[in-house]
Amino acid sequence: MRFLRHFALCAPLLLLAGCSTVDFALFHPVGRVAEAEYHYTLLLVGVMMIVILPTFLLMVIFPLRYRKSRNATYTPNWSHSTVIEILAWGVPFAITAVLIHYSFVGVYAVNPYNPDALDGSPGSALPPIKVDVITTDWQWFFIYPDQHIATIDDLVVPVGRRVDLRLTSTSVMNGFYIPRVAPMVDAMPGMRTKDSFEVDQPGTFEGFSTDFSGAGFSWMQFSTRVVSQAEFDAWTKTVQANPKTLPYATFTQLAHPTVNFGAKPAYFSAPDPELFNKVVMDAMNGVVYPVPDSLTKSVSSNEGKALVPAPASP
Amino acid sequence: MQVDLQDPWSPLFGRLTLDSIPYDNPIIVGTFLGAATIGLIVVAAVLYYKKLPYLWREWLTTVDHKKIGVMYIILGLVMLFRGFVDGLMMRTQQVMAVGPDSPGVLGAQHGFLPPFHFDQVYSAHGTIMLIFAATPIMAGLGNIIVPLQIGARDMAYPYLNAVSLWLTTAGAALIMLSLFVGEFSNAAWVGLMPLAELPYNPGVGVDYWMWAIQLSSLGTTFNAINIIATIVKMRAPGMTWFRMPVFTWVNLSTSIIGLTAFPVLGVALSLLTADRYLGTDFFTVGHGGNFMLYIDLFWIWGHPEVYFLILPPFGIFSEIVPTFSEKPLFGYLTMVAASFAIAGIGWSVWAHHFFTMGMGPDLNGYFSSATMLVGIPTGVKIFNWLFTMYRGRITFTTPMLWAVMGIFLLLFGGFTGMMLSAPAINYTVHDSVFVIAHFHCMVLVVAVGAFAAVAYWWPKVFGFKLDERNGQFFFWTFTLASIVVFVPMFGLGLEGETRRLDYVFNPQWRPLLIAEEVGIVLYCISVFYFLKMIYVSLRDRVPAGDDAWGTGRTLEWMTHTPVPFYNFAVTPQINALDELAWRRENGLDKVKPQTFVPIHMPSNTAVPVIIGAMAMALGFGMIWRIWWMAGAALLAIVVAVIARSFDKNQGYILTAEEIAKFESKTELASMIAEQPKRTPLDHVEAH
């Protein structure tokens, strides 16, 4: 009993002692937008601590100090103090006012449609890289309208360039998220959302869907490769030379429910220039890619079998 | 009229075929055998001890608010256990299915649950815990305690009260049935749209979810009406508004939320029903439908619903902390004001559930600010509880331990909630398990409040206390388990793990998943101590006094323990806030009424339980599209309601002599005592 009690109180410390921060993706932001998110996280938590920590201390001290067995001061009828009540309302009110201020500044700083954090960034002098993101059940299509290429489950962007995304979905909702890089934004059928980010160091970052989209959801990952401008240009050229193209008819074939186990990438040249708009308009006009019950029931047993046409390597 | 479906349909059985029974799944078959065995044992015991007439007369057809409350709580605890097992399965699946090389058993590629099952399990876990565990337990507590705290004989509408209970039970029964017949929804407890529409969910799962919630939300709305009417109209003489205990106040505020919010859910689900049954396009993507409309409607109900659940625990803590600090509640008026502030602000924050859906910065900023405002009255409440303890004489009985833990959880849940309410932070952890850990902190406040309340008011209802030793073991194992499950979950959120994963694709997340698994095993141990606590208490039955804790302050501790079925022999005259404390100070607490007047009591009725059974048949018929069954059940409900309106039974009179007899031998009037059959009145004079 006594052991249990002490263990219960010490358990959080044991847990914390067992962790290093290396695995905590959100403590290692990359690029201005993610850094701004991290900055506001620390700032807001810091402001909150002004009231949380003293309250926590009182919550430990009062119950221990005023136990019956300790015979501390006892005022059986005391139940009102104007000063304490003013403080009890006033302090949270003041802290909340500060939090609201920083929340408003923060929401503009990381606003996915046009983040203030990217003002004056190295990439802001150059035209942004535009990528259209289309989610299907259960894959990611990345269309580069300016480069005339498209990929499945592989997002490649140059370092130090602003990336502007437009997102939509052919079927249900998905959440677009690259934990260390880009804010989470939902991709919604029949609608267009936006997201922006800029990364200042090369690397590969994991991205995945965060909004549950059905049986294949757990396998909806993509890699985000941030490469140098030269590598990006070379990669673009290779994909442009790929004989596999992506006209709208091909896209509608590929948009049928499919799980891409292991997120194996595929590459296409010459995607339909109106692909994104067609997907949005089709969804609004009632085009659906139904998921039959039988597929929902058997999704994972297909793992290991090639459901996707073998990708042509660039 | 009927939309096209993929699978066959017959007029007699609708969509139901033998294939709908998952007899090939060992987990479900095992569960079924276990449940069936327990069910058979219970039925056999009832028949063997010839308790069926007792069960029918004293429980199933009762309109007594305390018995209805107890049945609500039993229902809630059973569903809490089911929801816990779902949680256990989810945690075990995630710890088994990490990385592409993780092995799979029972037909799953990774772990033991393929996505088809895992998705049903996580959806069922949320639906059950919020709507069929937390809500019934809180409704049950309100039912038992509110009339006692205001000196009322019963609820304002005893019959409607029973209807509420049986509608909720019908919903819960449908969810349990979905385990063995057909499937449950895979579209989360919120009904992710457009995932819950026919093209993506052609099976009966979403229909089960929809009808179960629809029925129970009807029950909850009726219950809210009842509580409001009771508090407004049935207070004892002298019980002015500002002499009402805080638990009664929060039940008023929470019921106002219930009455105004649940119809919104009803509308949202009805429109979804039209989509799925008639082929309309309210929430579809195409043809002018708009699924954002559903998401807005759902959360316009959903966020007030969160406060609907958490306000009663605030009231519970406000009763327990003064009792065990032997002091009046600090800042009674601000406590009441804070409850209504929370309820009011709760209406204007719903869009913080979808900051990531592309709303502009001003709109996100507004909903962020509104959400942060909730922190002010919540902070006030925490300070008031703290300053109630300040210069008190605290005894740490189990109810007090639970209450203190609840306040800690509230601080931590509130802190992380404030973090989430800032979009700049939300964009990084929305839909991650950080959110899960946050709202589990909050929902644990509800669970902890429920355990506190059950331990606190148990003696009043049953006449003996819960076993203290096992209660403390239960408390400490539960606390430890909560820490070991949810602290790592916050960590996983910061590592970026997203929610609802059947297969965990990132092996870096494994260590903390293992920690969570350890925690869930600790929860299993706490379940053992809970059961042991109940068993030992039932075995020993150490009698408790009228004021079971010796320091009670409110009206319910003035009547007998266990509370007689007529509540108070003579309706008390109220003189002060904390009436019992006032009487104790003035040496009046031992004074018992000597002369009695007859009491007019409501008669039992079988109509509510029939309505409940028929509502379940209606739901089942609609789910499987067995139109004759649904039609017949609906007709039966209408006929039952009309038939009852011709019933001349106007209750019965409990004579002064009978009351005198009960007052001298109180166990004869207790909850479990059998009452003789009484002659109903066929009309009553106005009184």
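Values in this document were obtained by computation on a predicted structure and should not be read as measured data.

(A) Region of interest: the overall build of chain B. Looking only at helices and strands, one finds 20 helices and two strands in chain B. Its C-alpha radius of gyration of 25 Å places chain B within 12% of the 26 Å reference for a compact globule of 687 residues. Overall size of chain B, expressed as C-alpha extent along the three principal axes, is 75 × 60 × 50 Å. Of all 687 residues assigned to chain B, the portion counted as buried reaches 61%. Within chain B, contacts between residues separated by at least 24 positions form 82% of all contacts whose residues are at least 6 apart in sequence.

(B) The sheet that holds strand E10 (residues 221-227) of chain A, seen in detail. Residues and elements named next belong to chain A. Overall, mixed pairing links the five strands, which are arranged E4-E10-E9-E6-E7 in an open sheet. If you trace the sheet from one side to the other, it starts and ends with strand E4 (154-158) and strand E7 (182-187), each paired once. Strand-to-strand, the axes of this sheet are offset by a mean angle of 20 degrees, without reference to chain direction. In terms of strand pairing, strand E6 (residues 174-178) meets strand E9 (residues 203-209) through two bridges, oriented antiparallel. Bridge assignment links Phe176 to a residue of E9, and that residue is Ser209. Where helix H4 (residues 229-240) meets the sheet, it contacts E4 and E10, and its direction lies at approximately 135 degrees from that of E4.

(C) Just the packing of helix H8 (residues 291-325) of chain B against helix H14 (residues 433-462) of chain B, in detail. All names here are of chain B. Where H8 contacts H14, the axes come no closer than 9 Å and their chain directions differ by 45 degrees. Considering the angle they form, H8 stands oblique to H14. In the packing of H8 onto H14, the handedness of the crossing is left-handed. Mapping the contact onto sequence places Leu309, Ile310, Pro312, Pro313, Ile316, Phe317 and Ile320 in H8 and Met442, Val445, Val446, Gly449, Ala452, Ala453 and Tyr456 in H14. Its residues placed into classes, the contact of H8 with H14 shows 13 nonpolar, one polar and no charged.

(D) Summary view of the sheet that holds strand E1 (residues 129-135) of chain A. Judged by pairing direction, the sheet is mixed, and its seven strands sit side by side in the order E8-E5-E1-E2-E3-E12-E11 (chain A) without closing on themselves. Among the strands making up the open sheet, the edge pair consists of strand E8 (193-198) and strand E11 (245-246) of chain A.

(E) Layout of the interface of chain B and chain A. Each partner contributes residues to the interface: chain B has 92 residues there, and chain A has 99 residues. Only helix H4 (115-149), helix H9 (332-345), helix H10 (361-373), helix H11 (375-389), helix H12 (398-420), helix H13 (423-429) and helix H15 (468-494) of chain B provide two or more residues apiece to the side of chain B that touches chain A. Element by element, the count of residues in the side of chain B that touches chain A is highest for H15(B), at twelve residues. For the side of chain B that touches chain A, the per-class residue count stands at 54 nonpolar, 29 polar and nine charged.

(F) Structural context of unusual backbone geometry. Looking along the chain, the bond that leaves Asp137(A) and enters Trp138(A) is cis, with omega of 0 degrees. Mapped onto the secondary structure, Trp138(A) falls in the loop between E1 and strand E2 (140-144). Backbone torsion omega between Thr561(B) and Pro562(B) reads -10 degrees, so that peptide bond is classified as cis. Unlike most non-glycine residues, Ala270(A) shows phi in positive territory, near 45 degrees. Relative to the elements of secondary structure, Ala270(A) occurs in strand E12 (residues 266-271). Its identity is not glycine, yet Glu326(B) carries a phi of approximately 55 degrees, on the positive side. Secondary-structure assignment places Glu326(B) in the loop between H8 and H9.

(G) Quick peek at H9(B). Residue and element names in this part refer to chain B. If you check H9, its first and last C-alpha atoms are 20 Å apart, about what 14 residues at 1.5 Å a residue would give, namely 20 Å. All of the buried residues along H9 are Tyr332, Met335, Val336, Ala338, Ser339, Ile342, Ala343 and Ile345. Its buried side turned inward, H9 meets helix H7 (246-278), H8, H10 and H11.

(H) Structural view of the confidence of the model for chain A. Residues and elements named next belong to chain A. Looking at chain A, the pLDDT average stands at 89 and 89% of residues meet or exceed 70. Per-residue pLDDT, averaged within each element of chain A, yields its smallest value for helix H1 (residues 2-17) (60) and its largest for E2 (97). Segment residues 306-314 is flagged for pLDDT under 50; beyond a separation of four residues in sequence, or across chains, it makes 19 contacts in the model.

(I) Main features of the environment of Gly203(A). Residue and element names in this part refer to chain A. Tracing the chain through its elements places Gly203 in strand E9. Given 13 C-beta atoms within a 10 Å radius, Gly203 is considered partly exposed. Taking the C-alpha atoms as reference points, Gly203 and Asp132, separated by 71 residues in sequence, lie 21 Å from one another. Ignoring any residue separated from it by four or fewer positions in sequence, one finds Gly203 in contact with Val30 and Val226.

(J) Region of interest: the pairing of strand E3 (residues 149-152) of chain A. Residues and elements named next belong to chain A. Alternating residues of E3 divide into Ile149 and Thr151 and Ala150 and Ile152, and every residue in both groups is buried. Where E2 and E3 come together, four bridges link them in antiparallel fashion. The partner of Phe141 across the bridge, within E3, is Ile152. Between E2 and E3, which pair antiparallel and follow one another directly, the connecting turn spans four residues, one of which, His148, has a positive phi of 60 degrees. Relative to E12, E3 runs antiparallel, the two sharing four bridges. Considered in E12, the bridge of Ile152 is made with Ala266.

(K) Looking closely at the domain arrangement of chain A. Residues and elements named next belong to chain A. When cut into domains, chain A gives domain 1 (16-69 + 80-109) and domain 2 (127-287). Taken over C-alpha atoms, the centre of domain 1 sits 37 Å from the centre of domain 2. In this complex, domain 1 contributes ten residues to the contact, which on the side of domain 2 involves 13 residues. Grouping the amino acids of the side of domain 1 that touches domain 2 by side-chain chemistry returns six nonpolar, two polar and two charged.

The rules behind the values
- Residues numbered from 1 in each chain as written.
- Chains lettered and ligands numbered in written order.
- Predicted model: local features only at pLDDT ≥ 70, side-chain atom pairs only at ≥ 80, totals over all residues.
- Helix = DSSP H or I, 4+ residues; strand = E, 2+ residues; numbered from the N terminus.
- Rg over C-alpha atoms; globule rule 2.2 N^0.38 Å.
- Buried ≥ 20, exposed ≤ 12 C-beta atoms within 10 Å, placed from the backbone.
- Contact = placed C-beta atoms within 7 Å.
- Pairing = 2+ DSSP bridges.
- Axes fitted to C-alpha atoms, helices over the stretch in contact; angles between N-to-C directions.
- Parallel < 35°, antiparallel > 145°, perpendicular 65-115°, else oblique.
- Left-handed = near helix turned anticlockwise from the far one by under 90°.
- Nonpolar A, V, L, I, M, F, W, Y, C, P; charged D, E, K, R; others polar.
- Expected span 1.5 Å × (residues − 1).
- pLDDT = per-residue confidence, 0-100.
- Domains from an automatic or database assignment.

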